[in-house]
Amino acid sequence: MRKCLSIIFYEYKMQMKRFATWGVFILVMVIVLIDNFPSAKNLNRLEFLTEPAYFLYRTMSLDGLVLVFALLFLLSGRFPLDKKTGVKPLIMASPITKGQYVIGKLLGGFCYTFTMLFLLLTVNVLIYLVAASFKISILSCIAALLKTLMISVLPVSIFVGFVTVALPAIMDVRLFYLIASTLFIVNAATAVSAEAMPFYFITSGDLIKLIWQHPKWPFTNMGSIQANLIFLLGCGLLSWSLLLLSPKFWRADE
């Protein structure tokens, strides 16, 4: 367990110290503020911006996708980088199993992704509370934030943290970039609708409709919501399994 925890901590620390991490975060923060800041202009444009649940729903489903896409690239080289820099042979020289190494790397990616999405939502909620010209209940903001973290951020972090770290270790990273870019374009090009959304949407799938629904068009398609959740969790766990089962990943490729 201690070996696994040390790898998780190493992965988390390395990613959080990168300038690219904070550069991307600041960029997405600017996008969120332009899009969702409770200014008079945005309040006229967005009918439900006075509701904390809608504010978080919109921030996560639209602007959160930009951060998720950036994290896909920032995390994708973790296993290849260990081999390139000589970290992997050093780790393998110690009494550590393949499972401990893989679990540590993937959970490190998960913790990093969850932290960045948590910070994005939390900082924006604080700005929303301070800047709003209308009355907002602090408890309603906290409740909406916790709901968003559990319903959306947690499964999205498993998807991003596991898929993005695992797949480039067992396939050409260029192919992974192509798949990730295609998925992002499809997600970004499709407008959020009150109707059932495709199950393969990351931040704007039907799962996020459990956070906020349009009062005139309530959404009750639980099958579509479950399909979106299964996609996010299933892809993450499948990527983990494929990496663990790969015969050429551990000592066989040395």
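A short tour of the structure in this document, coming up. (Residues numbered from 1 in each chain as written. Predicted model: local features only at pLDDT ≥ 70, side-chain atom pairs only at ≥ 80, totals over all residues. Heavy atoms only, no water.)

Here we look at the overall build of the protein
Step number 1: Scanning the protein from N- to C-terminus turns up 10 helices and zero strands.
Step number 2: Reading the protein from its N terminus to its C terminus gives the helix and strand order α-α-α-α-α-α-α-α-α-α.
Step number 3: Looking at the protein as a whole, 48% of its 254 residues qualify as buried.
Step number 4: Taking all contacts inside the protein whose residues are at least 6 apart in sequence as the whole, residues at least 24 apart take part in 77%.
Step number 5: Counting only carbon and sulfur atoms, one obtains 72% of the accessible surface of the protein, whose full area is about 12400 Å². (Helix = DSSP H or I, 4+ residues; strand = E, 2+ residues; numbered from the N terminus. Buried < 20%, exposed > 50% of the residue type's maximum accessible area, 1.4 Å probe, protein only. Contact = heavy atoms within 4.5 Å. Areas by Shrake-Rupley, 256 points an atom, 1.4 Å probe, with all protein chains shown as cover.)

Notes on the pattern of salt bridges
Step number 1: For the structure on display, the rule yields five salt bridges.
Step number 2: Arg45 serves as the salt-bridge partner of Asp35, at 3.5 Å between the closest nitrogen and oxygen. Of this pair, Asp35 sits in helix α2 (residues 19–36) while Arg45 is found in helix α3 (residues 40–45), placing the two residues 10 residues apart along the sequence.
Step number 3: Residue Asp172 is joined to Arg174 by a salt bridge in which the shortest nitrogen-to-oxygen separation is 2.8 Å.
Step number 4: Asp172 gets classed as partly exposed once you look at its relative accessible area, which sits at 36%.
Step number 5: Judged by its relative accessible area of 64%, Arg174 falls in the exposed class. (Salt bridge = Lys/Arg side-chain N within 4 Å of Asp/Glu carboxyl O.)

Describing a nonpolar patch on the surface
Step number 1: Taken together, the side chains of Ile138, Leu139, Ile142 and Leu146 define a hydrophobic patch exposed on the protein surface, amounting to about 420 Å² of accessible area.
Step number 2: Looking at the secondary structure, you find Ile138 in helix α8 (residues 138–170). (Patch = residues over 30% accessible without salt bridge, like charges linked within 9 Å, V, L, I, M, F, W, Y side chains within 5 Å.)

Quick word on the packing of aromatic side chains
Step number 1: For the coordinates displayed, the defined rule picks out 18 aromatic pairs.
Step number 2: Ring pairs connect the aromatic residues Phe69, Phe73, Phe176, Tyr177 and Phe184, which therefore count as one cluster. (Phe/Tyr/Trp six-rings, centres within 6.5 Å; stacked < 30°, edge-to-face > 60°.)

Concerning helix α9 (residues 173–189)
Step number 1: Helix length check: α9, at 17 residues, gives a terminal C-alpha distance of 24 Å against a target of 24 Å (1.5 Å per residue), a fit within 8%.
Step number 2: Along α9, the residues classified as buried are Phe176, Ala180, Leu183 and Asn187. Here the buried residues of α9 occupy an arc of 65° about the axis, which is enough to place them on one side. In α9, those exposed residues whose orientation departs by more than 90 degrees from the buried face are Arg174, Leu178, Ile185 and Ala189.
Step number 3: Where α9 is buried, its residues touch α4 (52–75) and α8.
Step number 4: Where α9 begins, the capping side chain belongs to Asp172, and its oxygen is found 2.8 Å from the backbone nitrogen of Arg174. (Expected span 1.5 Å × (residues − 1). Arc of directions from axis to C-beta. Polar contact = N/O pair within 3.5 Å; in protein donor to acceptor, adjacent residues only side chain to side chain.)

Some thoughts on the side chain of Thr115
Step number 1: Tracing the backbone through its elements, the reader meets Thr115 in helix α7 (residues 98–131).
Step number 2: Classification of Thr115 as buried rests on a relative accessible area of 17%.
Step number 3: Sequence-distant contacts of Thr115, defined by excluding residues within four places in its chain, comprise Tyr12 and Met16.

Remember that the coordinates give geometry; whether it matters functionally is a separate question.
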